[in-house]
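If you want the building blocks of each chain, they are given just below.
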Amino acid sequence: MVTASTTSISVNTKLTGAQATATCWELIKHGAMLIDVRNPDEFASGHLPQAINVPLTELPVWLDAHHVEQQFVVYCGAGIRAQKGCDIFESKGFNCAVNGGAMKDLLCCESLSQ
(Lines give C-alpha, C1' and ligand atoms only; values in the text may rest on other atoms or scores of the structure.)
Protein backbone atom coordinates (compact mmCIF):
# COMPACT_ATOMS: atom_id res chain seq x y z
CA MET A 1 0.00 0.00 0.00
CA VAL A 2 1.34 3.45 -0.96
CA THR A 3 0.57 6.28 1.43
CA ALA A 4 0.41 10.02 0.79
CA SER A 5 3.62 10.55 2.71
CA THR A 6 5.61 8.25 0.44
CA THR A 7 4.23 9.65 -2.78
CA SER A 8 4.76 13.30 -1.90
CA ILE A 9 8.55 13.15 -1.47
CA SER A 10 10.12 15.37 -4.10
CA VAL A 11 12.32 13.99 -6.86
CA ASN A 12 15.15 16.36 -5.87
CA THR A 13 15.01 15.06 -2.31
CA LYS A 14 15.36 11.49 -3.55
CA LEU A 15 18.22 12.42 -5.88
CA THR A 16 20.19 14.23 -3.16
CA GLY A 17 20.24 11.23 -0.85
CA ALA A 18 18.02 12.74 1.82
CA GLN A 19 17.10 10.56 4.77
CA ALA A 20 13.56 9.37 5.36
CA THR A 21 11.49 12.12 6.92
CA ALA A 22 10.47 9.87 9.82
CA THR A 23 14.16 9.35 10.62
CA CYS A 24 14.76 13.10 10.54
CA TRP A 25 11.86 13.83 12.89
CA GLU A 26 13.02 11.11 15.26
CA LEU A 27 16.48 12.71 15.39
CA ILE A 28 14.94 16.15 16.00
CA LYS A 29 12.75 14.73 18.76
CA HIS A 30 15.91 13.42 20.43
CA GLY A 31 17.78 16.73 20.30
CA ALA A 32 19.15 17.15 16.77
CA MET A 33 19.43 20.78 15.73
CA LEU A 34 17.31 21.61 12.67
CA ILE A 35 19.27 23.82 10.25
CA ASP A 36 17.69 25.68 7.32
CA VAL A 37 20.49 26.53 4.87
CA ARG A 38 18.39 28.76 2.60
CA ASN A 39 19.04 32.49 2.37
CA PRO A 40 17.44 34.81 4.96
CA ASP A 41 14.71 36.01 2.57
CA GLU A 42 13.61 32.44 1.90
CA PHE A 43 13.71 31.64 5.62
CA ALA A 44 11.61 34.72 6.41
CA SER A 45 8.97 33.65 3.89
CA GLY A 46 8.43 30.39 5.77
CA HIS A 47 10.36 27.78 7.72
CA LEU A 48 9.88 24.91 10.12
CA PRO A 49 9.17 26.18 13.65
CA GLN A 50 12.17 24.47 15.26
CA ALA A 51 14.64 25.59 12.58
CA ILE A 52 17.42 28.09 12.79
CA ASN A 53 18.68 29.83 9.68
CA VAL A 54 22.32 29.33 8.78
CA PRO A 55 22.70 30.24 5.10
CA LEU A 56 24.90 27.87 3.17
CA THR A 57 27.50 30.60 2.60
CA GLU A 58 27.83 31.16 6.37
CA LEU A 59 27.83 27.52 7.42
CA PRO A 60 31.62 26.92 7.53
CA VAL A 61 32.19 29.80 9.97
CA TRP A 62 29.08 28.93 12.01
CA LEU A 63 30.32 25.37 12.50
CA ASP A 64 33.51 26.62 14.15
CA ALA A 65 31.42 27.43 17.25
CA HIS A 66 29.78 23.99 17.53
CA HIS A 67 30.74 20.53 18.75
CA VAL A 68 31.39 17.79 16.23
CA GLU A 69 29.30 15.42 18.37
CA GLN A 70 26.11 17.48 18.03
CA GLN A 71 23.49 15.90 15.74
CA PHE A 72 22.09 18.07 12.92
CA VAL A 73 19.29 17.75 10.37
CA VAL A 74 19.87 20.05 7.40
CA TYR A 75 17.15 21.12 4.96
CA CYS A 76 16.48 23.68 2.23
CA GLY A 77 13.94 24.35 -0.50
CA ALA A 78 14.55 21.35 -2.73
CA GLY A 79 17.27 19.28 -1.04
CA ILE A 80 20.26 20.26 -3.17
CA ARG A 81 21.63 22.91 -0.81
CA ALA A 82 20.94 20.58 2.12
CA GLN A 83 23.29 18.04 0.54
CA LYS A 84 25.89 20.76 -0.04
CA GLY A 85 25.47 21.70 3.61
CA CYS A 86 26.06 18.10 4.69
CA ASP A 87 29.20 18.08 2.54
CA ILE A 88 30.41 21.20 4.40
CA PHE A 89 29.70 19.52 7.74
CA GLU A 90 31.77 16.53 6.65
CA SER A 91 34.65 18.69 5.40
CA LYS A 92 34.76 20.37 8.83
CA GLY A 93 35.00 17.02 10.65
CA PHE A 94 31.32 16.59 11.57
CA ASN A 95 29.87 13.16 10.90
CA CYS A 96 26.50 13.76 12.57
CA ALA A 97 24.72 15.81 9.89
CA VAL A 98 21.74 14.29 8.12
CA ASN A 99 20.29 15.57 4.85
CA GLY A 100 16.65 16.29 5.64
CA GLY A 101 15.99 17.25 2.02
CA ALA A 102 13.23 19.66 1.05
CA MET A 103 11.27 21.69 3.59
CA LYS A 104 7.95 20.62 2.04
CA ASP A 105 8.82 16.96 2.52
CA LEU A 106 9.68 17.45 6.18
CA LEU A 107 6.62 19.62 6.68
CA CYS A 108 4.20 17.12 5.15
CA CYS A 109 5.42 14.36 7.43
CA GLU A 110 5.83 16.39 10.62
CA SER A 111 2.40 15.47 11.92
CA LEU A 112 3.10 11.78 11.35
CA SER A 113 6.09 11.94 13.68
CA GLN A 114 4.22 13.28 16.71
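Attention here is on the structure that accompanies the text. (Residues numbered from 1 in each chain as written. Predicted model: local features only at pLDDT ≥ 70, side-chain atom pairs only at ≥ 80, totals over all residues. Heavy atoms only, no water.)

Scanning the model with the defined rule gives four aromatic pairs in all. An angle of 50° between the planes, with centres 4.8 Å apart, marks the rings of Phe72 and Phe89 as tilted. Here Phe72, found in strand S3 (residues 72-76), pairs with Phe89, found in helix H6 (residues 80-91); they are 17 residues apart in sequence, far enough to count as distant. A relative accessible area of 0% places Phe89 in the buried class. With 5.9 Å between their ring centres and 70° between their planes, Phe72 and Phe94 make a pair best called edge-to-face. Linking Phe72 in strand S3 with Phe94 in the loop between H6 and strand S4 (97-102), this pair joins segments that are 22 residues apart in sequence. A relative accessible area of 0% means that Phe72 is categorised as buried. The class for Phe94 is buried, based on a relative accessible area of 5%. Aromatic ring contacts, followed pair by pair, group Trp62, Phe72, Phe89 and Phe94 into a single cluster. (Phe/Tyr/Trp six-rings, centres within 6.5 Å; stacked < 30°, edge-to-face > 60°. Helix = DSSP H or I, 4+ residues; strand = E, 2+ residues; numbered from the N terminus. Buried < 20%, exposed > 50% of the residue type's maximum accessible area, 1.4 Å probe, protein only.)

Burial of S3 is extensive: five of the five residues sit out of reach of the surface. Alternating positions in S3 separate into two faces, Phe72, Val74 and Cys76 on one and Val73 and Tyr75 on the other, with burial throughout. As paired elements, strand S1 (residues 33-36) and S3 share four bridges and run parallel to each other. Bridge pairing in S3 places Leu34 opposite Val73. With H6 bridging S3 and the parallel S4, this β-α-β connection has right-handed handedness. (Pairing = 2+ DSSP bridges. Right-handed = clockwise from strand over helix to strand, strands pointing away.)

The next thing to look at is the sheet that holds S4. With parallel pairing, four strands are arranged side by side in an open sheet as S2-S1-S3-S4. Where the open sheet ends on each side, the last strands, each with one partner, are strand S2 (52-53) and S4. Sheet topology places S3 next to S4; five bridges connect them, and they run parallel. Bridge pairing links Tyr75 to Gly101 in S4. Against the sheet, helix H3 (residues 21-29) makes contact with S1, S3 and S4, and its axis sits at roughly 125° relative to S4, the strand it touches most. In the packing of H6 onto the sheet, contacts are made with S3 and S4, and the angle to S3 comes to roughly 145°. (Contact = heavy atoms within 4.5 Å. Axes fitted to C-alpha atoms, helices over the stretch in contact; angles between N-to-C directions.)

Turning next to the state of the cysteines. A full pass over the atoms with the stated rule returns zero disulfides. Unpaired in this structure, Cys24 has its nearest cysteine sulfur neighbour in Cys86, at a distance of 9.1 Å. (Disulfide = S-S within 2.5 Å.)

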